[in-house]
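# A look at the structure
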Amino acid sequence: MTRYFTDKLAKYIVFISGFTSFIILLLIALFILREGLPAFSEIGVFDFIFGTVWRPGIDQYGILSMIVGSIAVTIVSMIMAVPLGIACAILLAEVAPSKVRNILRPAVELLVGIPSVVYGLVGLVLLVPIISNIGGSGFSILTASIVLMVMVLPTIISISEDSIRAIPVSYREGALALGATKWQTIKGVVLPAAKSGIGAGIVLGMGRAIGETMAMIMVIGNSIAFPGSLLDAARTLTGNIALEINYATGTHESALFATGVVLFIFILLLNSVATVFLKRGSNAQRLS
Amino acid sequence: MTIYNFNGQTCRGGKIKVKNLNFYYGSFQALRDINLDIPGCAITAIIGPSGCGKSSFLRLLNRMNDLIYGSRIEGSIELDGNNIFDKAVDVVELRKNVGMVFQKPNPFPISIFDNIAFGPKQHGKKSKIELEEIVENSLKQAALWEEVKDKLGQSALALSGGQQQRLCIARVLSVEPQVILMDEPCSALDPMATLKIEDLMRTLAKNYTIIIVTHNMQQAARVSDTTAFFMMEPDRAGSLVEYGSTSEIFTNPKDKRTEDYITGRFG
C-alpha cells in the first residue's frame, strides 16, 4: 500500500516540477503579449515592424532597423562561426590525439562560462580600436559579429562534436575498408551522417546570437539609424529593450514589450527548426 | 601443404601467403606462428571457437588493425608475392584491393546509389556515366539490381538486413578488389537471406578470392573450398591447428582437436 503511495507521490512531484517550467514559459509569453498588445494596436503591426524611425519623443515607433541589426549580427557572426566551429568539432572528435583534446575541450567549455559583459569589455577595449582603423567609429555590426562569433562557438562546437562522436564506428570502418583516406571518410560519410546534429548546433547557436544583449550594447554603438554597411553602428532588438526600459512609460513602454514579442517569435522559430533537425537525426540513428 | 587449384582459368583474385605471423595487442599475443597459403579464386573458411583470433587474423589481411592503438605485427603476409606490411605499401591502395564485408551490415546513411558510388568516387572516378555503369554492374554482381533498380535514390537504411548486406558486398565490388574478406557476414541475417549470400559467394569465387570467418560450421562446409581451423592456446593466443581442403577437414580431420570441434564436443 505505502509502496504504491510513494510511487504515485513521486509521479505527481515529477509531473508538477516538469509542468512548472512549462507554465512559467507560458506566463512569460502571456505577460509580454499583454504588455505589448497596446503598442501593436496603437502603432499598428505593420508600422511597428516595418517602420524605420524610432523616436519615442515624437511617438514614432518603428523597429525595422533593429530587426535588421539583430539579423545582421546573427548572420555575419554565423558566417564566421559555422566553418570555424565545425572544423574545431572535427578536430576534437576525429583528428586530435587525446592529449591535445584534453586541453582543447575544457578550454572550449570554459568559453561558455565567461560572462557576456566580459566579452563586451574585451570587444570594447581590443576590437573597437582595430575596427575603427578600417573605417567608421569602430562601434559596428562587424565588431559585434566578431564578439558574437566567439560567444556562439562553444555551442556549435560541443553539439557538433557530440553528433560526430555518435556516428557508429561501423560507418568509418566501412569507408576505410573501401580504401578511403581518413579525410575522405570524414567528408564523405561522417559529416553527412552527422549533419542533422550539426544543423541543430548551428540553429541553437543562432538562438544564442539573437538573444545576446549585454555584449552587443557595449560594442555595436546602439544607433537608431538604419545601418548602411557592416561598419555602421546599429542597435539590436535586445539592446533596444535593455537601453530604454528604465525610463519608458505608456506607449513607449508597451512598444518595448512589443519588441520583446518580436524577439520571442524569432527565438520560437529558431527552436522549432532545431527540434526538427534533432528529431530527424534521432530517426536516422534509429533506422541504422 | 597442398595448394588447391580449383579452376584452371585466369583469375583476378589474389593469392595470399602468410608466413610466421605473430600479432600482439600491447603485451597480449593474439595470434602465434600462423603459416597459411590461401589459394586465389576460391573460398577459404576460417573457423574456430570464440576468441581464437579469427577476426583479428582477417582484419590483418587489409590492415584494419592499423587503427588499433598499440597493435604490433611480426612475420609477413604476402598478396601475390608482395608483403602488405612493407613500408612502401600504400594502405589505402591495399584496402581497395582487399575489400571487407562486416558482421553487421553497415551501409552508409545515404542513398543506395551513393553507397556504391562512394568507393569509386574516392578513387578518382567522377563522370556520372561511368559511376552509373559501376553502380549497375556492382549491384548486378551482388544479385541486388533487380530488387533496387527503381529506388536507387532511396536511403540504403530502408533496405532489409539481407539486402543491406548484399549492398555492402556490391559496395566492395565497386572498387574492383582482388580479395574479399567477410567477417561473419550472415550472423545477423535470417536463413533465407543467408542462403542468398552463400549463393552469391559461390558465384563471386569465380573471379575473387574470398576469405570468410564463420561460426556456422554448416556454412563453412557448404560454401568453402579450403578450411582453416584456429584455436586458442592456454595463454589465449590464437594459433592455426589444421588447414586443408574443406571436404578433408570435415570428413577426415587429422587433428583430434579439429574433430572434437567439428563434431560439436566443444566451442
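Residue positions are counted from 1 within each chain, in the order its sequence is given. Naming scheme: in the order in which they are written, chains are lettered from A and ligands are numbered from 1. This being a predicted model, a pLDDT of at least 70 is required before a residue's local features are given, and a value of 80 or more before pairs of side-chain atoms are given or counted; all residues contribute to the totals for chains, interfaces and linings. Hydrogens and water molecules were not included; the side-chain quantities draw on all heavy atoms of the structure.

## Describing the overall build of chain A
Of regular secondary structure, chain A possesses 11 helices and two strands. Secondary structure elements in chain A, listed N-terminal to C-terminal, are α-α-β-β-α-α-α-α-α-α-α-α-α. Each of the three principal axes of chain A carries a C-alpha extent, and together these read 70 × 70 × 30 Å. Put simply, chain A has 288 residues, and 44% of those count as buried. Partitioning the contacts of chain A with sequence separation of at least 6, the portion at a separation of at least 24 is 73%. Calculation of accessible area relied on Shrake-Rupley with a 1.4 Å probe; when residues are assessed, cover is drawn exclusively from the protein chains displayed. Only carbon and sulfur atoms are counted for the fraction: they give 72% of the accessible area of chain A, which is about 14,700 Å². Across chain A, 18 positive and 14 negative side-chain charges occur, with their mean positions spaced 15 Å apart. Helix numbers and strand numbers start at the N terminus; a helix is a DSSP run of H or I with at least 4 residues, a strand a run of E with at least 2. Each residue's exposure class comes from its accessible area (1.4 Å probe, protein chains only) as a fraction of the maximum for that residue type: buried when under 20%, exposed when over 50%, partly exposed otherwise. By definition, residues are in contact when any of their heavy atoms lie within 4.5 Å. In summary, the charge assignment counts Lys and Arg as positive and Asp and Glu as negative, without counting His or the chain termini. Taken as the charge location is NZ of Lys, CZ of Arg, CG of Asp or CD of Glu.

## Things to note about the overall build of chain B
Looking only at helices and strands, one finds 10 helices and 10 strands in chain B. Radius of gyration (C-alpha) of chain B: 18 Å, near the 18 Å computed for a compact globule of 267 residues. For chain B, the residues scored as buried account for 57% of the 267 residues in total. Long-range contacts, defined here as pairs at least 24 residues apart, represent 70% of the contacts in chain B between residues at least 6 apart. When the accessible area of chain B is evaluated, it comes to approximately 11,600 Å², of which 50% is carbon and sulfur surface. For chain B, the distance from the average position of its 31 positive side-chain charges to the average position of its 31 negative side-chain charges is 2 Å. Radius of gyration here uses only the C-alpha atoms, and the compact-globule reference equals 2.2 Å multiplied by the residue count raised to the power 0.38.

## Re the interface of chain A and chain B
The partner chain B presents 24 residues to the 19 residues of chain A that form the contact. Accessible-area loss on putting two parts together, using a 1.4 Å probe and summing over both, is the definition of buried area adopted here. Carbon and sulfur atoms supply 68% of the area that chain A and chain B bury against each other, a total of about 1,700 Å² over both sides. Summed over the three residues of chain A that lose the most area to chain B, namely Glu173, Ala177 and Leu178 of chain A, the buried surface amounts to 35% of that side. By definition here, a salt bridge exists when the distance from a side-chain nitrogen of Lys or Arg to a carboxyl oxygen of Asp or Glu is within 4 Å. Between the two partners, chain A and chain B, sit one salt bridge. With a closest N to O distance of 2.7 Å, Glu173 of chain A and Arg59 of chain B form a salt bridge. Pairing of N or O atoms within 3.5 Å defines a polar contact, subject to two protein rules: one partner must be a possible hydrogen donor and the other a possible acceptor, and residues neighboring in sequence count only if both atoms are side-chain atoms. On inspection of chain A and its partner chain B, the count reaches four residue pairs in polar contact (both at pLDDT 80 or more). Within the residue set of the side of chain A that touches chain B, elements represented by two or more residues are helix 7 (169-177), helix 8 (182-211) and helix 11 (250-287) of chain A. It is helix 7 of chain A that contributes the most residues to the side of chain A that touches chain B, seven residues altogether.

## Focus: helix 3 (residues 64-95) of chain A
One less than the residue count of a helix, multiplied by 1.5 Å, gives the span that helix is expected to have. When the terminal C-alpha atoms of helix 3 of chain A are compared, their 44 Å separation across 32 residues agrees well with the 46 Å that a helix rising 1.5 Å per residue should span. We define the bend at any residue as the angle between the axes fitted to the seven residues before and including it, ending there, and the seven starting there. The sharpest bend along helix 3 of chain A comes to roughly 30 degrees, located at Ala81 of chain A, with the proline Pro83 of chain A sitting one to four residues further on.

## Points about the packing of aromatic side chains
Only rings of Phe, Tyr and Trp enter the pairing, Trp through its six-membered ring, and a pair is recorded when the two centres are within 6.5 Å. The plane angle decides the type: under 30 degrees is stacked, over 60 is edge-to-face, the rest tilted. Scanning the model with the defined rule gives 10 aromatic pairs over all chains in all. Each ring, one from Phe19 of chain A and one from Phe22 of chain A, has its centre 6.3 Å from the other, and the planes form 90 degrees; the classification is edge-to-face. Placement of the pair is Phe19 of chain A and Phe22 of chain A together in helix 1 (residues 2-43), with a separation of three residues, close to one helical turn. A relative accessible area of 44% places Phe22 of chain A in the partly exposed class. When the centroid spacing of 5.1 Å and the interplanar angle of 65 degrees are considered together, the rings of Phe108 of chain B and Phe118 of chain B count as edge-to-face. Of the two residues, Phe108 of chain B sits in the loop between strand 6 (98-101) and helix 3 (112-122) while Phe118 of chain B sits in helix 3, which places them 10 residues apart along the sequence. Site record: aromatic cluster; members linked through ring pairs are Phe15, Phe19 and Phe22 of chain A. The ring of Tyr24 of chain B carries the charged tip of Arg72 of chain B above its face, separated from the ring centre by 4.2 Å. In this scheme, the term charge over a ring applies when either NZ of a lysine or CZ of an arginine sits within 6 Å of the ring centre and within 35 degrees of the ring normal. One Lys or Arg, Arg171 of chain B, reaches over the ring of Phe108 of chain B and ends 4.1 Å from the middle of that ring.

## Notes on the nonpolar core
In this structure, Val147, Ile164 and Tyr171 of chain A together with Phe108 and Phe118 of chain B are the most contacted members of the largest nonpolar core, which totals 52 residues. Of all elements in the fold, only helix 3, helix 5 (116-134), helix 6 (141-165), helix 7, helix 8 and helix 9 (214-220) of chain A reach the threshold of two or more residues within this core. Apart from the residues within four sequence positions on either side, Val147 of chain A is in contact with Tyr119, Gly123, Leu127, Ala215 and Val219 of chain A. Each nonpolar core is a collection of buried residues, namely Ala, Val, Leu, Ile, Met, Phe, Trp, Tyr and Cys, held together in the definition by side-chain atoms within 4.5 Å.

## Some thoughts on the pairing of strand 9 (residues 226-232) of chain B
Residues and elements named next belong to chain B. Counted residue by residue, strand 9 has six buried out of seven residues, so it is predominantly covered. Strand pairing requires that DSSP identify at least two bridges connecting the strands. Sheet analysis places strand 3 (residues 43-47) next to strand 9, joined by four bridges and oriented parallel. Bridge assignment links Thr44 to a residue of strand 9, and that residue is Thr226. Where strand 9 meets strand 10 (residues 238-245), seven bridges bridge the pair, whose relative direction is antiparallel. Pairing of Ala228 across the sheet is with Tyr243, part of strand 10.

## Some remarks on the environment of Ser41 of chain A
In this fold, Ser41 of chain A is placed in helix 1. For Ser41 of chain A, the side chain forms a polar contact with the main-chain oxygen of Pro38 of chain A, separated by 2.9 Å.

## Re the pattern of salt bridges
Tallied over the full model, the rule gives 22 salt bridges over all chains. Across the salt bridge formed by Arg34 of chain A and Glu35 of chain A, the nearest N and O atoms sit 2.9 Å from each other. Using a relative accessible area of 22% as the deciding quantity, one classes Glu35 of chain A as partly exposed. Ionic pairing is found between Asp260 of chain B and Lys256 of chain B, a salt bridge with its closest N-O pair at 3.0 Å.

## Observations regarding the side chain of Ser239 of chain B
Residues and elements named next belong to chain B. With respect to the helices, strands and loops of the structure, Ser239 is situated in strand 10. Given a relative accessible area of 8%, Ser239 falls into the buried group. For Ser239, the side chain forms a polar contact with the side chain of Glu233, separated by 3.1 Å. For Ser239, the contacting residues outside a window of four places in its chain are Arg32, Ile34, Cys52, Phe229, Phe230, Met231 and Glu233.

## Side note on the environment of Val172 of chain B
Assignment of secondary structure puts Val172 of chain B in helix 6 (residues 161-173). C-alpha of Val172 of chain B to C-alpha of Ile68 of chain B: the two residues are 104 residues apart in sequence and 22 Å apart in space. Apart from residues no more than four positions distant in its own chain, Val172 of chain B is found in contact with Leu178 of chain A together with Gly99, Met100, Val101, Pro177 and Ile180 of chain B.

Scope: geometric values only; no functional claims are made or implied.
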